[in-house]
Amino acid sequence: MEKGVAIVGTGYVGLVTGASFADLGHEVWGFDVDRKKIANLKKGIMPFFEPGLRQLVKKNVARKKLHFTSDIREMTAHTDTYFITVGTPSRSDGSVDMKYVKSAVRMLAPYMKSRDVIVSKSTVPIGTAVVIRRLISKTFTGDFSVVSNPEFLQEARAIESFVRPDRIILGYESNVPRWAVQRMSRVYQRIKAPVIETDNRSAELIKYAANVYLAGQISFINSIARLCEEIGADVDIISRALRADKRIGERAFLSAGIGYGGLCFPKDVRALIKISQRIGYHFDYLSVIEKVNKEQRTFFVNKIRSVVKRLKGKHIAILGLSFKPKTDDIRDAPSLDVIRMLMRGGAHVRVHDPVAIPHVKKLFGDTIRYYTNPYSALRGADIMGIVTEWPEYRKLDLNKVKRIMKKPNIIDGRNIFDPRRMAALGITYRAIGRGYFADPLVVTGKG
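Procedures and definitions
Residues numbered from 1 in each chain as written. Predicted model: local features only at pLDDT ≥ 70, side-chain atom pairs only at ≥ 80, totals over all residues. Heavy atoms only, no water. Helix = DSSP H or I, 4+ residues; strand = E, 2+ residues; numbered from the N terminus. Buried < 20%, exposed > 50% of the residue type's maximum accessible area, 1.4 Å probe, protein only. Contact = heavy atoms within 4.5 Å. Areas by Shrake-Rupley, 256 points an atom, 1.4 Å probe, with all protein chains shown as cover. Lys, Arg positive; Asp, Glu negative; His and termini not counted. Charge placed at Lys NZ, Arg CZ, Asp CG, Glu CD. Patch = residues over 30% accessible without salt bridge, like charges linked within 9 Å, V, L, I, M, F, W, Y side chains within 5 Å. Salt bridge = Lys/Arg side-chain N within 4 Å of Asp/Glu carboxyl O. Expected span 1.5 Å × (residues − 1). Polar contact = N/O pair within 3.5 Å; in protein donor to acceptor, adjacent residues only side chain to side chain. Phe/Tyr/Trp six-rings, centres within 6.5 Å; stacked < 30°, edge-to-face > 60°. Lys NZ or Arg CZ within 6 Å of the ring centre and 35° of its normal. Axes fitted to C-alpha atoms, helices over the stretch in contact; angles between N-to-C directions. Left-handed = near helix turned anticlockwise from the far one by under 90°. Nonpolar A, V, L, I, M, F, W, Y, C, P; charged D, E, K, R; others polar.

A. Region of the structure containing the overall build of the protein chain. Within the protein chain, the regular secondary structure consists of 18 helices and 14 strands. Along the first, second and third principal axes, the C-alpha set of the protein chain runs to 75 × 50 × 40 Å. Split into buried and exposed, the 447 residues of the protein chain put 53% on the buried side. Contacts spanning at least 24 positions in sequence make up 75% of the contacts within the protein chain whose residues lie at least 6 apart. For the protein chain, the accessible area works out to roughly 21,100 Å², and carbon and sulfur atoms hold 52% of it. Counting 75 positive and 44 negative side-chain charges, the protein chain places the averaged centre of each group 4 Å from the other.

Below, the structure written as structure tokens:
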């Protein structure tokens, strides 16, 4: 009888992975040591916001394809393939803290059976597959296999990116048994995507390489944007021209703005710096990516300063708190640094976000003001600062915005508006790298 799939850790990666596998027809058991979280999941209460996830979980719990438990015996009795999806947070020095991975493996080892497969899906340092094998072998002496299968979920479209991925990476140990390869083929057979089979270490490095490459694109275009501001060029047009180059591609991360945030990019850049240092290689390129990204936040606040001159006593409305739209994730979000800098300057900060306010309240308490409506946040404000490009902000009635603000000043950290339109409306508008429009193009008709 075909056994099910276990998800060890029901955080972001684990819950999306488990719900998606269940929807594809697998029998899935989600395990977590947090009993309160498991009880809530059984009731359909999600620990975070991700579009469509709550409905997918409820649907597959009702179909009895998705089960949640804190009983490891119950989980292992029904499964033979264990996806490790626990957190791998950064330490203060940027290195990866592996305590949750090691704890999960030690917990699992006494209950393993012959021909079980351990799948490392968390983002882990190179060599983790070897560490997992050594930990298990201290307790379990039967046959098992360790597979490195990095995740590439995109927050705000995580379900789609799981079921329709660009590729599936499967990293195997040397002399991998055929049954382990067949098992992974069975697990992923309902997902149509290129499968890249390699060794564990290459698979572990692929995840870092992908995220660092994308982070590098963002820091690159932000550096070009800074140059645009100095010479009077338009970074949006430059980005369009770059994407038209087939060697670069239309999906390239070339939108200038306030920089990247979230968990993955910052954490993985820092982690790869530490990994490189430990082997004696100075990966200077990574330090530049990180430096440019951090500077964008100060650059944004300096744009605010350039309009109001002094921050003290000014009422500044920040629109967008999550690190990207359609998520409530504020981990390393640019908004947090912006708020702190504004407060240090003596500004009165008011904020709006469709879903992330509860998380921000935990950090700032009553030191800033929170609004459930963007117009309420803007009423009487000296500055509107756009930090996250939520669709709601693109649809704002700009005539109303101009009317209700104390002064019609907009600092756009995501370049969501057309500078020419803003100028026509009489709004003072500062974007990122849109210097071209300070000197409008004139076609003379000569020649």
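B. Summary view of a positive patch on the surface. Taken together, the side chains of Arg 91, Lys 102, Arg 106, Lys 138 and Arg 278 make up a positively charged region of the molecular surface. The residue Arg 278 is located in helix α11 (residues 264-278) in this model.

C. Highlighting helix α9 (residues 200-231). Taking 1.5 Å of rise per residue, the 32 residues of α9 would be expected to cover 46 Å, and the 47 Å separating its terminal C-alpha atoms lies within 8% of that figure. For α9, the N-terminal capping position is held by Asp 199, with its side-chain oxygen 3.2 Å away from the main-chain nitrogen of Arg 201.

D. Main features of the pattern of salt bridges. Inspection of the entire model under this criterion finds 29 salt bridges. Asp 236 serves as the salt-bridge partner of Arg 434, at 3.0 Å between the closest nitrogen and oxygen. Of this pair, Arg 434 sits in the segment after β14 (428-430) while Asp 236 sits in helix α10 (residues 235-243), placing them 198 residues apart in sequence. By relative accessible area, Arg 434 is classed as buried at 13%. By relative accessible area, Asp 236 is classed as partly exposed at 25%. Two residues, Arg 420 and Asp 418, come together in a salt bridge whose shortest N-O distance is 3.5 Å. By relative accessible area, which is 33% here, Asp 418 ends up partly exposed.

E. Examining the packing of aromatic side chains more closely. Following the criterion strictly, the structure yields nine aromatic pairs and no others. Here Tyr 12 and Phe 48 contribute two aromatic rings whose centre-to-centre distance is 5.0 Å and whose plane-to-plane angle is 40°, an arrangement assigned as tilted. Highlighted residues: Tyr 12 in helix α1 (residues 12-23) and Phe 48 in the loop between α2 (35-42) and α3 (53-62), separated in sequence by 36 residues. No difference in accessibility class separates Tyr 12 from Phe 48, as the two residues are buried. Grouping aromatic residues by their ring pairs yields a cluster made of Phe 21, Phe 83, Phe 162 and Tyr 188. The positively charged end of Arg 167 is found above the aromatic ring belonging to Phe 152, 3.8 Å away from the centroid. When the ring centre of Tyr 375 is taken as reference, the NZ or CZ atom of Lys 400 above it lies at 4.1 Å.

F. Molecular detail of the packing of helix α5 (residues 99-108) against helix α6 (residues 128-137). At a minimum axis distance of 9 Å, the contact between α5 and α6 shows a crossing angle of 35°. Judged by the sense of rotation from one axis to the other, the crossing of α5 with α6 is right-handed. Listed contacts from α6 to Lys 102, Val 105 and Arg 106 of α5 are Val 131, Ile 132, Leu 135 and Ile 136. Looking at side-chain class alone, the contact of α5 with α6 contains five nonpolar, no polar and two charged residues.

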